[in-house]
Amino acid sequence: MKPRDTRYVCLRIAGEGGEGVISAGELLTQVAGRLGMHIQTYKTFPSEIRGGMAVYQIRVGPDVVLSQGDRLDVLVAFNREGFDRNIEELDRGGVLVYDFEEEPAHGGVSVNYPVPMGKLAVDAGSKRAKNMVALGAICELFGFPLEGMADGIRRKFGEKGEKILESNLKALELGAEYVRENITARHELRFPEGSGKPKVVLSGNEAIAFGALAAGCRFFAGYPITPATEVMEWLAKYLPRVGGALVQAEDEIASLCMCMGASFAGKTALTSTSGPGLALMTEGLGLAAMAEIPLVVVDVQRAGPSTGMPTKAEQGDLYLAIYGAHSTAKRVVIAPTGVEDAFYQTIAAFNIAVKYQTPVIILSEQSLAYSKQSMARPDFDAIEIFEEQFPPEPKGDEGWPQVDEVTMGEGYPMTPVFPRYLRTHTGVSPRSIPGMKGREYRATGLEHDEYARPRYDPKNRRAMVDKRLQKIEEIRREYGGEVEVLGEPDAEIALTSWGPTASVVRHAVMRKLSEGAPIKAFFPRMLCPMPDNAIRRQLRGVTRVIVCEMNAEGQYAKIIRHRYSQRGVYAILKDQGVPFKPGDITPYIDMALEEAMRI
Ligand code: COA
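Residues numbered from 1 in each chain as written. Predicted model: local features only at pLDDT ≥ 70, side-chain atom pairs only at ≥ 80, totals over all residues. Heavy atoms only, no water.

The next subject is the overall build of the chain. Assigned secondary structure in the chain consists of 18 helices and 20 strands. Taking the principal axes of its C-alpha atoms as reference, the chain extends roughly 95 × 70 × 40 Å. The proportion of buried residues among the 599 residues of the chain is 57%. Pairs at least 24 apart in sequence give 72% of the contacts found in the chain among residues at least 6 apart. (Helix = DSSP H or I, 4+ residues; strand = E, 2+ residues; numbered from the N terminus. Buried < 20%, exposed > 50% of the residue type's maximum accessible area, 1.4 Å probe, protein only. Contact = heavy atoms within 4.5 Å.)

Take the sheet that holds strand 16 (residues 493-497) next. As summarised here, the arrangement of the 5 strands in space is 15-17-16-19-20, forming an open sheet in which the pairing is mixed. Edge positions in the sheet fall to strand 15 (484-487) and strand 20 (569-573), since each of these pairs with one other strand and no more. The mean inter-strand angle of the sheet, taken between neighbouring strand axes irrespective of direction, is 20°. In this sheet, strand 17 (residues 519-523) lies alongside strand 15 in antiparallel orientation, the contact comprising 4 bridges. Across the sheet, Glu484 pairs through a bridge with Phe523, a residue of strand 17. The sheet strands contacting helix 17 (residues 555-563) are strand 16, strand 17, strand 19 (544-549) and strand 20, and the helix crosses strand 19 at an angle near 150°. (Pairing = 2+ DSSP bridges. Axes fitted to C-alpha atoms, helices over the stretch in contact; angles between N-to-C directions.)

It is the contact of helix 9 (residues 252-264) with helix 10 (residues 275-291), at a shortest axis distance of 8 Å, that shows an interaxial angle of 30°. Considering the angle they form, helix 9 stands roughly parallel to helix 10. Every pair of crossing elements has a handedness; the one defined by helix 9 and helix 10 is right-handed. Seen from helix 9, the contacting residues are Glu252, Ile253, Leu256 and Met260; seen from helix 10, they are Gly277, Leu280, Met281, Gly284, Leu285, Leu287 and Ala288. Taken together, the residues that form the contact of helix 9 with helix 10 break down as 8 nonpolar, 2 polar and 1 charged. (Parallel < 35°, antiparallel > 145°, perpendicular 65-115°, else oblique. Left-handed = near helix turned anticlockwise from the far one by under 90°. Nonpolar A, V, L, I, M, F, W, Y, C, P; charged D, E, K, R; others polar.)

Let us now look at the site of the ligand. In the vicinity of the ligand lie 22 residues, with Gly18, Gly20, Ser23, Arg128 and Asn168 positioned nearest. Note that an oxygen atom of the ligand is positioned 2.7 Å from one of the backbone N or O atoms of Gly18. Protein contact buries 70% of the 960 Å² of open area that the ligand shows by itself. Counting residues per element, the ones that place at least two in the shell around the ligand are helix 1 (21-34), helix 5 (146-157) and helix 6 (162-182). With 3 residues, the top contributor of residues to the shell around the ligand is helix 1. A per-class count over the shell around the ligand returns 9 nonpolar, 8 polar and 5 charged. (Near = heavy atom within 4 Å. Polar contact = N/O pair within 3.5 Å; in protein donor to acceptor, adjacent residues only side chain to side chain. Areas by Shrake-Rupley, 256 points an atom, 1.4 Å probe, with all protein chains shown as cover.)

Coordinates in, geometry out; function isn't part of it.
Right, here's the structure in full:
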């Protein structure tokens, strides 16, 4: 077995919901970000407000952190259950920091440090501050700056009152002091040095909300649903600062319809939801496609169906996002692979929606939504935002064609009509917003002609369906043509994936490439329309395709198999509510390589 890369450290805190596991993890992440470390975090908690297992994991390193890795270097167990349910994942020789009575029995594979976190918290003046005792111990044990952590505590609890702040600062100090005085033989494990340049650290949900703001989104309507609510919470704070508006609607149907109304009226609009909410939005998406109204919908997938496991990971909505439509209601579907990608793909989603007057779905996912990752500070001057140009007001004889020119028949008044759905070579027509003189039109869900008038004759129907499909082809050409490629161009074994799983596959492939494995990987961002030519290019000469995704049926694998008539497609699936690790994937690469050698 290859030795573990010791430059990267993975620490997990596990305890009961309500014990402050998440706050401790978030504080650690903030401080690591300020020190300039590369970070990726993972958190999961129960659906209940109190009780059940809450877990926060942070992996830090000197370079971009692609995944959570395979094993834990440090497990901080707030109680016995935290130990029992996580100890299997602690690396041989890793460090266990724990707070429970019995001596942990696990075959002596780790170095154990008992720290009486609960008791010290009471000494500090607050039972709740157990998590801060843990942070004090972590700082002292693994070379994390105590003062930086104290600053973080001041920022987090400063507004909660003097007493709470004081007890938390005291708890931090008591945790560190306990280690100093009682643990003399220390494990050599240390957190890596940060670059010293503070990093932007965002969760997937925050990155999407931030990207939306940067892209010019000025209206949001939504209905809270785990794990998407954070998008709404973030925008509730920041949208009003840029003159935008946010509405908490009564349900998802209303949310989508409000967004359509805002967009029709000229405001770039967003809604966010999860699978059950997207299901409710499908009718509205049909109207947006028919009336050609720009719109962005974020679907933060979770383990379903129905209420399912709302706080757990899954990529089960791919078919719903692509095909969940009545008739030919095409939409664009984009799946970001990480936090930084989520920021930029959201901007792309808005550009596409506005330029092509179409609904766009961003297919995010729980593990990405809750994962905090460091990213480079965006260069806003370099970001291109599509600016919609509206047609000028018609003047005299240079106005729109007369209606008789567009065959309205006898007796129809001779007034100029704005050709809202004019057929053009790209399928994109001039759009106006209410109040633009001489450019009035009715947006309708009925089939219509170029002048927005309901019309059902076969010739018109053919032309208008083609016009809407033409836009999708243009989007494929302009935005969706490429896939990210990695590895040996002529390899016979290829891996592919989408969404956050793509990042874990990237990690696994890089690991095998460094061992000299003749493999390659490709990852699309746009899943509808598919980058067909780029994928076909990657599949040329490939005998085995390993597709990794978090759902039970291999939705993307089936697309690869059927759409490209590809043989040798193997789906590696995970649907238990937890994301992939690189170690889930590498054995299959080895198996494929052995098979390949037999050919
Ligand atoms: N001193 C004072 N307050 C503290 C503290 C300390 N040392 N440590 C934590 N807290 C506060 C936190 O600020 C937080 O308060 P807030 O709610 O006002 O922000 C609260 O205690 C909970 O702590 P936190 O660390 O955020 O969470 P936790 O690890 O204890 O776990 C959850 C609790 C998150 C599991 C649970 O509350 C929850 O929200 N469950 C999920 C519910 C859900 O989404 N269900 C799905 C419905 S479909």
